[in-house]
Amino acid sequence: MKNKKLVIGSDHAGFEYKAKLIDYLTAKGYEMIDAGTYSADSCDYPVPVHALCKIIQSGECAEGILICGTGIGVSMAANKHRGIRAAVCSDKYSTEMTRLHNDANVLCMGARVIDFDLVCELTDIFLTTDALTEERHVRRQQMISDLEDGTFEEKYE
Ligand code: RB5
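Procedures and definitions
- Every chain is numbered independently, its residues counted from 1 as its sequence is written.
- Per-residue local features are limited, in this predicted model, to residues with pLDDT of at least 70; the limit for side-chain atom pairs, both in listing and counting, is 80 or more; totals at the level of whole chains, interfaces and linings are taken over all residues.
- The side-chain values count all of the structure's non-hydrogen atoms but skip hydrogen atoms and water molecules.
- Nearness here has a simple test: a residue counts as near a molecule or strand if at least one of its heavy atoms is within 4 Å of that partner.
- Under the rule applied, a polar contact is a pair of N or O atoms within 3.5 Å (in protein, one hydrogen donor and one hydrogen acceptor; residues adjacent in sequence only if both atoms are side-chain atoms).
- Basically, the charged four are Asp, Glu, Lys and Arg, the nonpolar ten are Ala, Val, Leu, Ile, Met, Phe, Trp, Tyr, Cys and Pro, and anything else, Gly included, counts as polar.
- Think of it this way: DSSP has to see at least two bridges between two strands before they count as a pair.
- The numbering of helices and of strands both runs from the N terminus, where a helix is a DSSP run of H or I of at least 4 residues and a strand a run of E of at least 2.
- Each axis is a line fitted through C-alpha atoms, taken for helices only over the stretch in contact, and angles between the N-to-C directions span 0 to 180 degrees.
- When checking whether two residues touch, look at their non-hydrogen atoms; a contact exists if any pair is within 4.5 Å.

Student: Would you explain the site of the ligand in this entry?
Tutor: Lining the immediate environment of the ligand, one finds Asp11, His12, Ala13, Tyr45, Cys68, Gly69, Thr70, Gly73 and Arg112. Gly73 is positioned with one of its backbone polar atoms (N or O) 2.9 Å from an oxygen atom of the ligand. Within the side chain of Arg112, a nitrogen or oxygen atom sits 3.1 Å from an oxygen atom of the ligand. Across the shell around the ligand, the residue classes tally to three nonpolar, four polar and two charged.

Student: In this structure, what is going on with the sheet that holds strand E2 (residues 31-34)? I would like to understand it.
Tutor: Strand pairs in the sheet, formed through backbone hydrogen bonds, run parallel or antiparallel to each other. An order of E2-E1-E3-E5-E4 is seen for the five strands of this open sheet, with the pairing classed as parallel. Since the sheet does not close on itself, it has two edges, and those belong to E2 and strand E4 (86-88), each with one partner. Ignoring strand direction, the axes of neighbouring strands in this sheet form an average angle of 25°. Of the strands in this sheet, strand E1 (5-10), E2, strand E3 (64-68) and strand E5 (106-110) are in contact with helix H1 (residues 15-27), which crosses E1 at around 165°. Each of E1, E2, E3 and E5 touches helix H2 (residues 46-57); the most contacted strand, E1, lies at about 165° to it.

Next comes the structure, spelled out in structure tokens:
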């Protein structure tokens, strides 16, 4: 197994899937960090998203999983964090490709969009696919970092 320690977070809409996915991944041998939310009560998804992103930024975990109703809100909030490349996925092809081409480090899924069996399948793909190292992919990922750093225009325009 590549990464033993994973961080996972959700809002209330993803709370039940988060609990089930923690059990699923723990049974596979992963050590899970739960970044919240910690009850099914309504919450503001940027809160658990920020907690999760800080754990990845600290280097404690290389990868994370976020679940909300659609996966969209959590991905938007996650992508505001430096070094986070979050991808909303609801099919196997996109999940594989976002690892291969984008080196996504956060998988976002919608509990109101896909069933739990597919959540498990996508999670397995995400956790077992490595980023391609071809120069063009690495260059494009660097360009995303340059957008974050405010150096994009001086480098490419
Ligand atoms: C909560 O109702 C819902 O808006 C949230 O889970 C998410 O889907 C937002 O993008």
